[in-house]
Amino acid sequence: MVDERTQCYVNDRAPEYSNTMRWIAFLAAVTIVPAAALSPLASQEVTGVARAGSSGLPLPEATVVLVNAAGVVVSGTITPSGGNYTLVAPSSGDYRVRARRIGFSPDSSGLFRLATGSIANFDPRLNQFTAQLPAVRVEETRRCTMRPKTGAVSVRLWQEAQNALAATAVTAGNARIGFVLRRFERERDPTTSRVIQSRTWEGRTLNLEPYASIAAESLAAHGFVRILGKVRVFYAPDAKTLTSDAFARTHCFRPVEDASHPGLSGLGFEPIAHPAKRGSAEVAGVMWLDRNSSELRFLEFKYAQPGLENGSFETASGRVEYRRLPTGAWIVNRWIIRMPVVRTDERGRFLAAEPPTNLVQQGTPSGIISVWEGGGEVTGVFAANDSTASVIPLTGSIDGRVVDAGDHTPVRQGVTGVVMILSRTSDSAGLFPQETSVTDTTGMFAFDGVPAGDYVLHAESARFDTLDIRVADRPVRVSAGAGQSMLLTIPPDAAVIAALCPAGISSRAAVIHGTVRDSADGKPVPTARVIVSWLDSMTDSMTDSMTDTTGRSAMTDNDGHYVVCGLPAPRTLLVRAATGMGATPRLSLQSVPGVVRMYDIVIHKTP
């Protein structure tokens, strides 16, 4: 059982589903069929076939749930290719059937009674939407309605978000599917975001809820942050919370569009201020949906207090990413939750923060010691009822090699020490850990167990700075169970010389470049003159006071960068920088034929 203090990100309990939005239900007839020769222990069931609109064709990947009279989901499933389903009620009573599918309007039966051992039949009809998600109008983004029941954009966004969330809730409680999880916890400095400590681990679970929440009605009455003894517990919104009437009743909604999320339409939600809940913490955020497929991609949320422009929990936030499995099931694929860590004693003196927890000690803190982050991702699925079943990976791999483009031998020379950084393209906030790999002596790098998705591969190396080159970021799409290889080529010095210097400069000549900076503040110094000197004779002695020299010079640009081309090599060079307010002493530097060298200069300005 999970410790209550860490309920923010794990749940080992079977989920308790809450009622979906009643205003979008469509009434239909349910046929009750008496079962012959039923035993006293016989269960009561509802069967049927989900069908598509007027065509009547069976509809796969529809989420069908059985809801009791109190609005709680008691059973659910996702239809196979034949569209058929069977739901088992825990006892006799009044129920209704609700069906959803992404890209379709929902359908619902009326309330009907199931007697002990009886079988009911209901074939939901779901009509397909005729177009992609509508564009958001600027004036609509300013309106936050009590419920998304007015305005075509709000209605459509809400319906599609509920379609995916309902499927996620059903999949999370499906004991036939097991999940392989990679988890992480880390603590960051609240000012610099530097990681203070972190750990990662892997495990398996038969219930996929990234964090535990509590009953939606309780959250609606008391808020998402509770004081339990001497600690503060943050509860996060899960699928069953977001699909509940209680959540819709206590939040207003509006369509959102953001240039930083191209191709996505957002449904924003905010807590409604209520006098009876003054001081309680709520959640606000945005559900982001793909504009073309109408699929729910991710949820971003933060904690806030209604009626306050800036809530007292502005550092507490989270993000949840959703994913469709090949079977049509929907899962929480990746998640992260961020919490402030503050500890004080009775006198208000700070104590050392204990290892990661989602708790803040009760009191009146004067600051935040650290920010704790916890999260994870699904790396594989397996059949939970088959002990011999192998894990189906939801991850892929990337390997590659960085080589010198000037090497034309059959076995090209690899470039060692290049840091390869793999980042997820959708992670604009930088919440999820980046993967890094450093090339070995042969120039090889590798990333294993990478969750399927779109990434950017970035390369960094001191040699790149020396050559004054920038290796373009490479977009990479990772597919589950697949690997791919990449080859990155680094231009040779001769090619860099040709790019940096005017035509006619010998490829055997040396080149130096760098940046001139002010010693006081480290800022680049523009329009500084960099002078490179050398003696005509290599045998002559060089001193700082010599005057009989040959030389070249260059001016720094607005970024303080300079390039001096056509330098003799091998030769001892003297380099200095000067401005109208000061100059540096001459410093010696050895040139090498056909080689680019980087040489940064710090200049001390005199008043």
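Residues numbered from 1 in each chain as written. Predicted model: local features only at pLDDT ≥ 70, side-chain atom pairs only at ≥ 80, totals over all residues. Heavy atoms only, no water.

*Asks:* Got a minute to help me understand the overall build of the protein chain in this structure?
*Replies:* When helices and strands are counted, the protein chain shows 6 helices and 41 strands. Put simply, the protein chain has 607 residues, and 50% of those count as buried. Counting only contacts in the protein chain whose residues sit at least 6 apart along the sequence, the fraction spanning at least 24 positions is 65%. Surface exposure of the protein chain reaches about 28,100 Å², of which carbon and sulfur atoms provide 52%. (Helix = DSSP H or I, 4+ residues; strand = E, 2+ residues; numbered from the N terminus. Buried < 20%, exposed > 50% of the residue type's maximum accessible area, 1.4 Å probe, protein only. Contact = heavy atoms within 4.5 Å. Areas by Shrake-Rupley, 256 points an atom, 1.4 Å probe, with all protein chains shown as cover.)

*Asks:* It is not clear to me how the pairing of strand β27 (residues 419–424) should be interpreted in this structure. Could you clarify?
*Replies:* On a regular strand, one side chain projects to one face of the sheet and the next to the other, so that they alternate. In terms of residue burial, β27 counts as a mostly covered element, since 5 of its 6 residues are buried. Both β27 and strand β30 (residues 453–460) contribute to a ladder of 6 bridges, which runs antiparallel. Counterpart to Val-419 in the pairing with β30 is Glu-460. Judged from the 4 bridges that link them, β27 and strand β28 (residues 435–438) form a sheet pairing that is antiparallel. Pairing of Leu-422 across the sheet is with Glu-435, part of β28. (Pairing = 2+ DSSP bridges.)

*Asks:* Quick question: what am I supposed to make of the pairing of strand β26 (residues 395–404) here?
*Replies:* With respect to burial, β26 is a largely interior element, 7 of its 10 residues being buried. For β26 and strand β29 (residues 444–451), the ladder comprises 6 bridges, and the chain directions are antiparallel. Following the sheet pairing, Gly-400 is matched in β29 by Phe-445. Strand direction decides the pairing type here: β26 and strand β32 (residues 483–490), joined by 8 bridges, are parallel. What sits directly across from Ser-397, in β32, is Gly-483.

*Asks:* What is the right way to read the nonpolar core from this model?
*Replies:* A general trend in soluble globular proteins is that nonpolar side chains are found buried together. Residues Phe-269, Met-287, Leu-299, Phe-301, Tyr-303 and Tyr-322 are the most contacted members of the largest nonpolar core, which totals 52 residues. Residue contributions to this core peak at 9 residues, all from helix α1 (residues 152–172). Setting aside anything within four residues of it in sequence, one finds Phe-301 in contact with Ala-236, Pro-237, Phe-269, Val-283, Ala-284, Gly-285, Ser-317, Gly-318, Arg-319 and Val-320. With 26 residues, the next largest nonpolar core counts Ile-398, Tyr-455, Val-476 and Val-496 among its residues. (Core = buried A, V, L, I, M, F, W, Y, C linked by side-chain atoms within 4.5 Å.)

*Asks:* Looking at this structure, how should I read the pattern of salt bridges?
*Replies:* Oppositely charged side chains can pair when the atoms bearing their charge come close. Counted according to the given criterion, the structure contains 19 salt bridges. For the salt bridge of Glu-257 with Arg-291, the shortest nitrogen-to-oxygen distance reads 3.1 Å. Of the two residues, Glu-257 sits in the loop between β17 (251–256) and β18 (264–271) while Arg-291 sits in the loop between β19 (282–290) and β20 (296–304), which places them 34 residues apart along the sequence. What makes Arg-291 buried here is its relative accessible area of 18%. (Salt bridge = Lys/Arg side-chain N within 4 Å of Asp/Glu carboxyl O.)

*Asks:* I keep staring at the state of the cysteines and nothing clicks. Help me out?
*Replies:* Scanning the model with the defined rule gives 1 disulfide in all. Here Cys-501 engages in a disulfide with Cys-565; their sulfurs sit 2.0 Å apart. Note on the Cys-501 and Cys-565 pair: the S-S dihedral is about -85°, so by sign convention the disulfide is left-handed. One end of the pair, Cys-501, is in the loop between α6 (493–500) and β33 (510–518); the other, Cys-565, is in strand β36 (residues 561–567), and 64 residues separate them in sequence. Here the two residues Cys-501 and Cys-565 agree in accessibility, since each one is buried. (Disulfide = S-S within 2.5 Å.)

*Asks:* It is not clear to me how the sheet that holds β29 should be interpreted in this structure. Could you clarify?
*Replies:* Overall, mixed pairing links the 3 strands, which are arranged β29-β26-β32 in an open sheet. Looking at strand neighbours, the two that pair on one side only are β29 and β32, the edges of this open sheet. With strand direction ignored, the average angle separating the axes of adjacent strands in the sheet is 20°. (Axes fitted to C-alpha atoms, helices over the stretch in contact; angles between N-to-C directions.)

*Asks:* I'm lost on the side chain of Glu-187 in this one. Help?
*Replies:* Mapped onto the elements of the fold, Glu-187 is located in strand β13 (residues 177–188). Here Ser-370 takes part through its side chain, which lies 2.4 Å from a polar atom of the side chain of Glu-187. (Polar contact = N/O pair within 3.5 Å; in protein donor to acceptor, adjacent residues only side chain to side chain.)

*Asks:* Help me understand α6, please; the structure alone is not making it clear to me.
*Replies:* One turn of the α-helix equals 3.6 residues, which is why residues spaced by three or four share an orientation. Burial in α6 covers these residues: Asp-493, Val-496 and Ile-497. Mapping the buried residues of α6 onto a view down its axis gives an arc of 100°, with all of them on the same face. Exposed and oriented more than 90 degrees from the buried face of α6 are Ala-498 and Ala-499. Where α6 is buried, its residues touch α5 (462–467), β33 and β40 (596–598). (Arc of directions from axis to C-beta.)

*Asks:* Would you mind showing me how to read the sheet that holds β30 here?
*Replies:* Sheets are built from strands paired through backbone hydrogen bonds, the pairs being either parallel or antiparallel. Taken in spatial order, the 4 strands make up an open sheet running β28-β27-β30-β31, and their pairing is antiparallel. The open sheet has two edge strands, β28 and β31 (474–478), and neither has a second partner. Across the sheet, the mean angle separating the axes of adjacent strands is 25° when strand polarity is ignored.

*Asks:* For this particular structure, what's the right way to read the environment of Ile-331?
*Replies:* The residue Ile-331 is located in strand β22 (residues 330–341) in this model. In the structure, Ile-331 is positioned 92 residues away from Ala-239 in sequence and 9.9 Å away in space, judged by C-alpha atoms.

*Asks:* Looking at this structure, how should I read the side chain of Ser-108?
*Replies:* You can see Ser-108 is positioned in strand β9 (residues 107–108). Exposure remark for Ser-108: the relative accessible area of 2% places this residue in the buried category. Within the structure, Ser-108 has its side chain in polar contact with the backbone oxygen of Val-97 (distance 3.3 Å).

*Asks:* Looking at this structure, I do not really get the confidence of the model for the protein chain. What am I missing?
*Replies:* Where the model shows low pLDDT, its predicted coordinates should not be examined in detail. Mean pLDDT over the protein chain stands at 75; residues scoring 70 or higher make up 72%. Low confidence marks residues 344–366, where pLDDT is under 50. Its contacts with residues over four positions away, or in another chain, come to 58 contacts. (pLDDT = per-residue confidence, 0-100.)

*Asks:* Mind showing me how you'd approach the packing of aromatic side chains here?
*Replies:* Centre distance and the angle of the planes are the two values used to describe a pair of aromatic rings. Across all of its chains, the model carries 6 aromatic pairs by this definition. Seen from their ring centres, Phe-301 and Tyr-303 are 5.9 Å apart, and the 80° between their planes marks the pair as edge-to-face. Accessibility assignment for this pair places Phe-301 and Tyr-303 in one class, buried. By way of ring pairs, the aromatic residues Trp-158, Phe-247, Phe-253 and Phe-269 are connected into one cluster. Lying across the ring of Trp-201, Arg-199 places its NZ or CZ 4.0 Å from the centre. Its guanidinium or amino end placed over the ring of Phe-382, Arg-204 lies 4.9 Å from that ring's centre, counting from NZ or CZ. (Phe/Tyr/Trp six-rings, centres within 6.5 Å; stacked < 30°, edge-to-face > 60°. Lys NZ or Arg CZ within 6 Å of the ring centre and 35° of its normal.)

*Asks:* Got a minute to help me understand the environment of Asp-189 in this structure?
*Replies:* Note that Asp-189 resides in the loop between β13 and β14 (195–205). Residue Asp-189 is classed as partly exposed on the basis of its relative accessible area, which comes to 21%. Between the C-alpha atoms of Asp-189 and Ile-369, which are 180 residues apart in sequence, the distance is 7.5 Å. Once residues within four sequence positions are removed from consideration, Asp-189 is found in contact with Arg-194 and Ile-196. A polar contact of 2.7 Å, which involves the side chain of Asp-189, links it to the backbone nitrogen of Thr-191.

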